[in-house]
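Commentary on secondary and tertiary structure
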Number of protein chains: 2
Amino acid sequence: MTPARTPTGTAPTRGRRPGRSTGDDREVAILATAERLLRQRPFGDISIDDLARGAGISRPTFYFYFPSKDAVLLTLLDRVTEEANTAAGDVLVRLAEDPRARWRELIARFHATFGGHRDVVLACAQVRGTNAEVRRLWAEVLERWVRAVEAAIEGERARGAAPDGLPARDLAIALNSMNERVWYATFAGDGPAVAERDVVDVLLDVWLTAIYRTTTPPVSPSA
Amino acid sequence: MTPARTPTGTAPTRGRRPGRSTGDDREVAILATAERLLRQRPFGDISIDDLARGAGISRPTFYFYFPSKDAVLLTLLDRVTEEANTAAGDVLVRLAEDPRARWRELIARFHATFGGHRDVVLACAQVRGTNAEVRRLWAEVLERWVRAVEAAIEGERARGAAPDGLPARDLAIALNSMNERVWYATFAGDGPAVAERDVVDVLLDVWLTAIYRTTTPPVSPSA
DNA sequence: ACGCCAGTCAACACCATGTCGAGTGGAATC
DNA sequence: GATTCCACTCGACATGGTGTTGACTGGCGT
């Protein structure tokens, strides 16, 4: 049903149809409007007309820049996940130096990134249920992190710092899932939630005990 | 904006306006239709007209029985959470007998209940983003379980089976959150997920290590 | 001086939700 | 056995959001 997007050979920019030109600022105006409105009310309560008017254009013109409301959110999400990936950096490759500190750094950086864009993250969590595209992108992103953590766990087991146990992938999925849900509750503030001040340490504790069976994993090889 | 519901003093039955009579079967027909359709397509793709026609009534008549589409789902959710609470039973009070077995029983029972109604659970997860009522009910239910787990953890610490550590409530929140998200992924099958066959044992492992620092907690008091 | 095309929008078609008001039929009451 | 009442029903309408169409504009290259 959806017409084939990105007709010419440009990268899938998600937003605007290919060949750019003057109206570049309109596109950023829409994105900025979306971020601003998301700070005020939930995504579902924002209409395309709101976004268009906020960017100083009419509703039909909006469709010139984005194929749908969800596409705007998707673009926003892209930015956030990219920022998160950058923030995470190569922390996991230097795990052996000081496992506890490194894991904490990883979790804290994600926390900072998501916390800094909580409105976007929350909105994505909300539409994930209804939008297959968001679901797909998020799944991709998660998969990447799961793989990184899986590899790190296997590394720690190989150097004798962590005991064998669950398949590393399953453990990585469970821990990443926990973080996602706990952050969601903390940022959204609905239902039982960990206080924002404590959330990093709470998550860290569960990660360490699940991976190492202790909250003070060994720094140097021990096996 | 929403008019005060349940005008006369009946319990908040969520569905039908008070004073029941013949049309009782229509109400169950709507609920049955909802469950049937949820097995075929996502909640968002089911219109009120679909529910009405499925139950053999017209759309306006639907509103005689339920104030909205979401209210139908809410009724379905009520049933499931009630079933889950029953299934959980008093497992946690007999923890000391055999902690590992009891915790596993708890997780396995929830798994069975949710798995048996995965369509309803999935639908709820999807509308939680957009419907405050569902969010509230789910928060309530979660809070109840969090409290139960929190108390159990404190009990295990008191009898010397579990070491001190994170505030019991924070730990309970994190673990319950993890379960919710992991089950969601497993049942929905989107994104990285633990195989359904393994999910109970994976979750159990993280619970035990987080609570006891070991997967084989002591049966009798040890302190 | 002209054609092209990125950019723009009024007007329209569509669909789902929710409401209103006019029914209808069976049980209780007179 | 007529009458009233009310649970229950639905046709028709109002509303509000989405997505599309087709015509228009203005700058830029030829």
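Residues numbered from 1 in each chain as written. Chains lettered and ligands numbered in written order. Predicted model: local features only at pLDDT ≥ 70, side-chain atom pairs only at ≥ 80, totals over all residues. Heavy atoms only, no water.

Some details on the side chain of Arg181(A)
- Tracing the chain through its elements places Arg181(A) in helix 8 (residues 168–188).
- What makes Arg181(A) buried here is its relative accessible area of 8%.
- If we skip the residues at most four places from it in the chain, Arg181(A) touches Arg128(B), Trp138(B), Leu142(B), Ser177(B), Glu180(B) and Arg181(B). (Helix = DSSP H or I, 4+ residues; strand = E, 2+ residues; numbered from the N terminus. Buried < 20%, exposed > 50% of the residue type's maximum accessible area, 1.4 Å probe, protein only. Contact = heavy atoms within 4.5 Å.)

Things to note about the packing of aromatic side chains
Residues and elements named next belong to chain A.
- Inspection of every chain in the model, using the stated rule, returns 20 aromatic pairs over all chains.
- Members of the aromatic cluster, joined through ring pairs, are Phe110, Phe114, Trp138, Trp145 and Trp183.
- Directly above the aromatic system of Phe43 lies the positively charged group of Lys69, at a separation of 4.8 Å from the ring centroid. (Phe/Tyr/Trp six-rings, centres within 6.5 Å; stacked < 30°, edge-to-face > 60°. Lys NZ or Arg CZ within 6 Å of the ring centre and 35° of its normal.)

Some points on helix 4 (residues 69–88) of chain A
Residues and elements named next belong to chain A.
- Between its first and last C-alpha atoms helix 4 spans 29 Å; for 20 residues at 1.5 Å apiece the expected length is 28 Å, and the two agree.
- When you tally the buried positions in helix 4, you get 15 out of 20 residues, the bulk of the element.
- Immediately beyond the C-terminal end of helix 4, within one or two residues, lies Gly89, with a positive phi of roughly 55 degrees. (Expected span 1.5 Å × (residues − 1).)

Topic: the confidence of the model for chain A
- Per-residue confidence for chain A gives a mean pLDDT of 90, with 88% of residues at or over 70.
- Residue range residues 1–12 of chain A is modelled with pLDDT below 50. Its contacts to residues more than four positions away, or to other chains, number 7 contacts. (pLDDT = per-residue confidence, 0-100.)

Let's talk about helix 1 (residues 24–38) of chain A
Residue and element names in this part refer to chain A.
- With 15 residues, helix 1 extends 22 Å from end C-alpha to end C-alpha; this agrees with the ideal 21 Å at 1.5 Å per step.
- Along helix 1, the residues classified as buried are Glu27, Ile30, Leu31, Thr33, Ala34, Leu37 and Leu38. The arc enclosing the buried residues of helix 1, seen along the axis, measures out at 155 degrees, which places them on a common side.
- Where helix 1 is buried, its residues touch helix 2 (48–54), helix 3 (59–65), helix 4 and helix 6 (118–127). (Arc of directions from axis to C-beta.)

Focus: the nonpolar core
- Residues Trp103(A), Phe114(A), Trp103(B) and Phe114(B) are the most contacted members of the largest nonpolar core, which totals 148 residues.
- If we skip the residues at most four places from it in the chain, Phe114(B) touches Val80(B), Ala84(B), Val121(B), Trp138(B), Trp145(B), Trp183(B) and Phe187(B). (Core = buried A, V, L, I, M, F, W, Y, C linked by side-chain atoms within 4.5 Å.)

Side note on the relation of the copies chain A and chain B
- For the pair chain A and chain B, the superposition axis carries a translation of 0.0 Å, the fit reaches an RMSD of 0.0 Å, and the rotation angle comes to 180 degrees. Look at the turn and shift together and you get a two-fold axis relating the two. Residue Met178(A) of chain A places its C-alpha closer to the rotation axis than any other residue of that unit, at 2.0 Å.
- Counting the interface residues of chain A, we find that 100% of their copies in chain B are interface residues as well, pointing to one common contact surface. (Least-squares fit on C-alpha atoms with pLDDT ≥ 70 in both.)

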